[in-house]
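Next come the chains, spelled out residue by residue.
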Amino acid sequence: MMCALFAAIVLAGCGKKQDATAVVGQVIAHVGPDDVTQQELDNEMRLANVPADKRSDEVVKAVLSRIVERKYLVQQAIAAKLDREPTQHLDLLRSREQILAGAFVQRDLASKATSISTNDIDSYIQAHPIQFAKRQLYQIEQISFPPQPNMDALAASTKDFKSLDQVEAKLNQLNIKFSRGTGAMDTATLPPEIEKAIEARKPDDIFFIRSRTSASFFKVTSVDDKPLTGDEAQQFAKRELRNDLAKKTAAETYTAALATAKYEGDYGRIMTASTPAATEAPAAEGQTGEKPAATENGGKPEGDKEAPKN
């Protein structure tokens, strides 16, 4: 199929002079020897997430200008024989592989996701009451700051603190810049470890969470019951099932890919040697001694979960 398609494209290109009417209305600009087609412009709009009703003359001009500039620069690069340099050749190969691999993953996942049934969704909702019927919003006060060289020492020195004022004084003492404010944490999107640690809190407990990009001390100030029901619950459950399916598929693909590979020389030893389990970002620590999963963005858990709208 791929060979046949490629041949058709080549033949279309070869027959351009004989059958010029085949591309009438498609070519919208010329950049030296290269053409810009309507399809290219439409695809550029798609990649830029520009809907059809937003394609004003100004938007079209901006997008088409980028295409023209890119083609011009490619012509200059080829004239300079950059496409023949080993590094550039490998980068081009890598880009092609990434695009094709990504397209296959998206199509494969979309196909598998169609198997998610209403019964699957209802079962997921029943099995996860904290995300749905017993969903809660934790209102918090927090102090956030950039990661520091010795976070373990900071966590140890503040483990007995009972107020954010104490934390603030400590950070000032260490000349650490921070911001203080309020926020919310949603049990629908919290990792189970964090949710359990917060649920078991005492009134004066302070939590410390950190990741590669941020760190926060926070204290729960109030809790609001916010059950998730109806269509929104159905849509959220479907997204979660799709995310679970994507993770499972990715793991299966990874295993299958490695099983097909054969390695040469010392790479056989390297690839078959046992390795430590993959590590996440530095583990977050609750001041109660619990170890919730790493989070960032002022207490927002890492991951691909999209919070419910209400």
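Conventions adopted
- Residues numbered from 1 in each chain as written.
- Predicted model: local features only at pLDDT ≥ 70, side-chain atom pairs only at ≥ 80, totals over all residues.
- Heavy atoms only, no water.
- Helix = DSSP H or I, 4+ residues; strand = E, 2+ residues; numbered from the N terminus.
- Buried < 20%, exposed > 50% of the residue type's maximum accessible area, 1.4 Å probe, protein only.
- Areas by Shrake-Rupley, 256 points an atom, 1.4 Å probe, with all protein chains shown as cover.
- Pairing = 2+ DSSP bridges.
- Contact = heavy atoms within 4.5 Å.
- Axes fitted to C-alpha atoms, helices over the stretch in contact; angles between N-to-C directions.
- Parallel < 35°, antiparallel > 145°, perpendicular 65-115°, else oblique.
- Nonpolar A, V, L, I, M, F, W, Y, C, P; charged D, E, K, R; others polar.
- Phe/Tyr/Trp six-rings, centres within 6.5 Å; stacked < 30°, edge-to-face > 60°.
- pLDDT = per-residue confidence, 0-100.
- Arc of directions from axis to C-beta.

1. Let's talk about the overall build of the protein
Regarding its fold elements, the protein presents 10 helices and nine strands. Counting only residues that meet the buried cut, the protein has 28% of its 310 residues in that class. On the protein, roughly 20,900 Å² of surface is accessible, and the fraction owed to carbon and sulfur atoms is 56%.

2. A few points about unusual backbone geometry
Residues apart from glycine generally show negative phi values, whereas peptide bonds are mostly found in trans. Of note in this structure, Asn49 is not a glycine but carries a positive phi near 55°. Checked against the element boundaries, Asn49 lands in the loop between helix H2 (38–47) and helix H3 (57–79). Note on Asn49: relative accessible area 66%, which makes it exposed. Residues other than glycine seldom take positive phi values, yet Asn175 does so here, at roughly 55°. With respect to the helices, strands and loops of the structure, Asn175 is situated in the loop between helix H7 (164–173) and strand E4 (179–186). Given a relative accessible area of 70%, Asn175 falls into the exposed group.

3. Quick word on the pairing of strand E1 (residues 27–31)
Taken together, the four bridges between E1 and strand E2 (residues 34–37) define a ladder with antiparallel strand orientation. By the bridge assignment for E2, Ala29 is matched with Val36. A loop of two residues connects E1 with E2, the two strands running antiparallel in sequence, and Gly32 in this loop sits at a positive phi of about 60°.

4. A few points about the environment of Leu258
Along the chain, Leu258 turns up in helix H9 (residues 230–260). Placed 13 residues apart in sequence, Leu258 and Met271 show a C-alpha to C-alpha distance of 9.1 Å. The contacts of Leu258, once residues within four sequence positions are left out, are Tyr263 and Met271.

5. Quick word on the packing of helix H5 (residues 118–127) against H9
For the pair H5 and H9, the least separation of the axes is 9 Å and the interaxial angle reads 95°. With respect to each other, H5 and H9 are oriented roughly perpendicular. In this structure, H5 contributes Asp120, Ile121, Asp122, Tyr124 and Ile125 to the contact, and H9 contributes Ala233, Gln234, Ala237, Lys238, Glu240, Leu241 and Asp244. Its residues assigned to classes, the contact of H5 with H9 comprises six nonpolar, one polar and five charged.

6. Considerations on the packing of aromatic side chains
Applying the stated rule across the entire model yields six aromatic pairs. When the ring of Phe145 is compared with that of Phe208, the centres are 6.4 Å apart and the planes differ by 10°; the resulting orientation is stacked. Here the residue Phe145 occupies a position in strand E3 (residues 136–145), and Phe208 occupies one in strand E5 (residues 207–210), the gap between them amounting to 63 residues. Members of the aromatic cluster, connected to one another through ring pairs, are Tyr124, Phe132 and Phe236.

7. Side note on the confidence of the model for the protein
With 82% of its residues at a pLDDT of at least 70, the protein reaches an overall mean of 85. When the criterion is pLDDT under 50, residues 1–25 qualifies, and its contacts beyond four places in sequence or with other chains add up to two contacts. Considering only residues more than four positions removed or in separate chains, one finds that residues 278–304, a stretch of pLDDT under 50, has 80 contacts.

8. What about helix H8 (residues 192–199)?
Of all the positions in H8, only Ile194, Glu195, Ala197 and Ile198 are classed as buried. Down the axis of H8, the buried side of the element spans an arc of 165°, and every buried residue falls inside it. Turned more than 90 degrees away from the buried face of H8, the exposed residues are Pro192, Lys196 and Glu199.

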